[in-house]
Amino acid sequence: MTDRPSMTAEYMALFRALETSRPHASRLFVDRDAAIFLGGWRKWLYRMAGVRPGRLIVESLLDRQSPGARAAGIARTKWIDEEAAAALETAGQLVLLGAGFDMRAFRLPQAARADTFELDHPGTSVAKRTILKSAYRTPPERIRYLEIDFNRQSIAEVLLRGGYDITRPACWIWEGVTNYLTEDAVDRSLRQIANTSAAGSILLFTYVERAVLNHPENYFGAPKLMARLQSYGEPWTFGLHPDEVAAYVAKRGFRLLKNVGVKEVWQRTGRSATGTRGYEFYRLASARVGS
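Figured I'd write up the structure that's included with this text. (Residues numbered from 1 in each chain as written. Predicted model: local features only at pLDDT ≥ 70, side-chain atom pairs only at ≥ 80, totals over all residues. Heavy atoms only, no water.)

Points about the packing of helix 1 (residues 7-20) against helix 4 (residues 69-87)
Piece 1. At a minimum axis separation of 9 Å, helix 1 and helix 4 run at an interaxial angle of 75 degrees. Judged by the inter-axis angle, helix 1 sits roughly perpendicular to helix 4. Residues Met12, Phe15, Arg16 and Glu19 of helix 1 touch helix 4, and the partners they reach there are Ala69, Arg70, Gly73, Ile74, Arg76 and Thr77.
Piece 2. Looking at the contact of helix 1 with helix 4 residue by residue, the class counts come to four nonpolar, two polar and four charged. (Axes fitted to C-alpha atoms, helices over the stretch in contact; angles between N-to-C directions. Helix = DSSP H or I, 4+ residues; strand = E, 2+ residues; numbered from the N terminus. Parallel < 35°, antiparallel > 145°, perpendicular 65-115°, else oblique. Contact = heavy atoms within 4.5 Å. Nonpolar A, V, L, I, M, F, W, Y, C, P; charged D, E, K, R; others polar.)

Shown next as structure tokens:
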């Protein structure tokens, strides 16, 4: 990763902003702050989507340019929103690992009573705080922004310095991160999360199927995506086989609860009739700390 803000974080903000611009009856979630993170042609696309004909053009353009990306981004946001809302009914802390331009600490009603810790690469973390300040969005004291290099620094040490309480259950969100890390970094991070979490803590995370790393040609939308990520300087480096996830997380202190694909989540929304579909290699999982 470079010192500039993550390009993939801005694309996710675009997908969330476009979904929010849809009519109330058809949108799957609301993220009214997503648009403040958009720049250049992405901001122009969002403005164009303010009217229905423009939105249809923009969605079609994005789906042709990056097949599967928009549906995957929307599906994973909806699924994590719902799982996080449920976890925060009992967890008093929210930890966002690789937070990007995620605004769940602001927009989820259940997060309003949780102490939130947003950990991210310095470039993206600084950019997020700068944009929030320029948009007059002052974060409440319960939200703390912590800079970290996941490949080199300890999650536990960074969190404890930031005021995290290891005696209170937490909801951890690790969205869109594992695929950019080394195998050692993922292993180390999971063990640190488990060792830093009170009983009952929940981890929500995403991962990609390992086979897509070496054979993207076998998956819908993968060749274009992998080429684009390479051009951003943000290539994928880690994946898992779905059948091995339960044993993988168990070895690191978790009990797997759910393990689903974004394509399946997208289909459940009832929007698949449009011909749009999410990445079949992108997956979502939840796990509880302990056996």
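Some remarks on the packing of aromatic side chains
Piece 1. Taken as a whole, this structure holds 12 aromatic pairs when the rule is applied.
Piece 2. Measuring from ring centre to ring centre gives 5.8 Å for tyrosine 219 and phenylalanine 281, while their planes differ by 85 degrees; the resulting arrangement is edge-to-face. Of this pair, tyrosine 219 sits in the loop between helix 9 (211-214) and helix 10 (222-232) while phenylalanine 281 sits in the loop between helix 12 (262-268) and strand 7 (282-289); the two residues are 62 residues apart in sequence, bridging distant segments of the chain.
Piece 3. Phenylalanine 281 sits in the buried class, given a relative accessible area of 0%.
Piece 4. Ring plane angle 20 degrees and centroid distance 4.7 Å describe the contact between tyrosine 279 and phenylalanine 281, whose orientation is recorded as stacked. (Phe/Tyr/Trp six-rings, centres within 6.5 Å; stacked < 30°, edge-to-face > 60°. Buried < 20%, exposed > 50% of the residue type's maximum accessible area, 1.4 Å probe, protein only.)

Observations concerning the pattern of salt bridges
Piece 1. Tallied over the full model, the rule gives 26 salt bridges.
Piece 2. With a shortest N-O distance of 2.8 Å, arginine 104 and glutamate 175 are connected by a salt bridge. Pair noted here: arginine 104 is in helix 5 (residues 104-107) and glutamate 175 is in the loop between strand 4 (170-174) and helix 8 (183-195), with a separation of 71 residues, a long-range link.
Piece 3. For arginine 104, a relative accessible area of 0% corresponds to the buried category.
Piece 4. Among the residues examined, glutamate 175 registers a relative accessible area of 7% and is labelled buried.
Piece 5. Taking the shortest distance from any N to any O, the salt bridge between arginine 168 and aspartate 115 comes out at 2.9 Å. Here arginine 168 is found in the loop between helix 7 (155-161) and strand 4, whereas its partner aspartate 115 is found in strand 2 (residues 115-120), with 53 residues between them in sequence.
Piece 6. Taken together, the salt bridges that share partners define one network made up of Arg16, Asp31, Arg76, Asp81, Asp102, Arg104, Arg107 and Glu175. (Salt bridge = Lys/Arg side-chain N within 4 Å of Asp/Glu carboxyl O.)

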